[in-house]
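Remarks on the overall topology
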Amino acid sequence: MNIQIFGTKKSSDTRKAERYFKERRIKFQYIDLKEKGMSKGEFTSVARVVGGADTMIDWDAKDQDLLALMRYLGDDARAEKLLENQHVMKMPVVRNGKQATLGYAPDVWKGWE
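Residues numbered from 1 in each chain as written. Predicted model: local features only at pLDDT ≥ 70, side-chain atom pairs only at ≥ 80, totals over all residues. Heavy atoms only, no water.

What to know about the overall build of the protein
Quick note on the threshold: To qualify as a helix, a DSSP run of H or I must reach at least 4 residues; to qualify as a strand, a run of E must reach at least 2; elements of each kind are numbered from the N terminus. Within these notes, the globule rule equals 2.2 Å times the number of residues to the 0.38 power, and the radius of gyration is based on C-alpha atoms. Burial classes: relative accessible area under 20% of the type maximum marks a residue as buried, over 50% as exposed, and values in between as partly exposed (1.4 Å probe, protein chains only).
Summing up its helical and strand segments, the protein has six helices and four strands in all. Ordered by position in the sequence, the α and β elements of the protein form the string β-α-β-α-α-α-α-β-β-α. At 14 Å, the protein has a C-alpha radius of gyration in line with the 13 Å of a compact globule built from 113 residues. Across its three principal axes, the protein shows a C-alpha extent of roughly 45 × 25 × 25 Å. Buried positions account for 45% of the 113 residues belonging to the protein.

Quick look at the structure:
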């Protein structure tokens, strides 16, 4: 298993995901989206698995001005804007090879063990 957790320290769901894997002694790599962020390849891979970039947008995020703009962009432009502004993405993004989840999803992660 090669677990990657993309999130921020302020996100409670990210902290819960870290705790989930620590409690089960499953090694993971934590990537802070505020410091590093996802590469275009990682982003595209996750978007493909979860049903597209639109699925990855957290419409309840704090940056409502950016989200208002994103509502009026086409699909490709919206995906590009999300890649540039990953702070409005649902967190955490947890990857295991070609599999990925958005948010806190322990029921899915159990199937990975």
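Brief notes about the environment of Leu 83
Selection rule: The contact definition used throughout considers only heavy atoms, calling two residues in contact when any of these lie within 4.5 Å.
For Leu 83, the position within the fold is in helix H5 (residues 75–84). Overall, Leu 83 belongs to the buried group, its relative accessible area being 18%. As for Leu 83 and Phe 43, which are separated by 40 residues in sequence, their C-alpha atoms are 7.1 Å apart. Residues contacting Leu 83, with those up to four places away along its chain left out, are Met 38, Ser 39, Lys 40 and Phe 43.

Quick look at the packing of aromatic side chains
For clarity, the cut-off: Only Phe, Tyr and Trp rings are paired, with Trp represented by its six-membered ring, and only when their centres lie within 6.5 Å; those with planes under 30 degrees apart are stacked, over 60 edge-to-face, the remainder tilted.
For the structure shown, the criterion picks out five aromatic pairs. Relative to Phe 21, the ring of Tyr 20 has its centre 5.1 Å away and its plane inclined at 85°; by these criteria the two rings are edge-to-face. The exposure class of Tyr 20 is buried, given its relative accessible area of 3%. A relative accessible area of 0% means that Phe 21 is categorised as buried. Judged by centre distance (5.5 Å) and plane angle (85°), the rings of Tyr 104 and Trp 109 are edge-to-face. By way of ring pairs, the aromatic residues Tyr 20, Phe 21, Phe 28, Tyr 104 and Trp 109 are connected into one cluster.

Quick word on the pairing of strand E4 (residues 99–102)
The condition that has to hold: Between any two strands, pairing holds if DSSP finds at least two bridges.
Bridge count for strand E3 (residues 93–96) against E4 is four bridges, and the pairing is antiparallel. Across the sheet, Asn 96 pairs through a bridge with Gln 99, a residue of E4.

Quick word on unusual backbone geometry
Leave glycine aside and you will find that most residues have negative phi; peptide bonds, for their part, are mostly trans. Cis geometry marks the peptide bond from Met 91 to Pro 92, where omega comes out at -5°. The topology assignment puts Pro 92 in the loop between H5 and E3. With a phi close to 55°, Arg 25 is a non-glycine residue in the positive phi region. The exposure class of Arg 25 is exposed, given its relative accessible area of 77%.

Considerations on the pairing of strand E1 (residues 3–7)
One face of the sheet, then the other: side chains in a regular strand alternate in exactly this way. For the record, the criterion: Note on handedness: a crossover is taken as right-handed if, strands pointing away from the viewer, the path from the first strand over the helix to the second is clockwise.
Most of E1 sits out of view: five of its five residues are buried. Going residue by residue along E1, you find Ile 3, Ile 5 and Gly 7 tucked away on one face and Gln 4 and Phe 6 tucked away on the opposite face as well. The pairing of E1 with strand E2 (residues 28–32) spans five bridges and is classified as parallel. From the neighbouring strand, Ile 3 faces E2, where its bridge partner is Phe 28. Note that the unit made of E1, helix H1 (residues 12–23) and E2 has a crossover that is right-handed. Pairing of E1 with E3 involves four bridges; the strand directions are antiparallel. Among the inter-strand pairings, Gln 4 is bridged to a residue of E3, identified as Arg 95.

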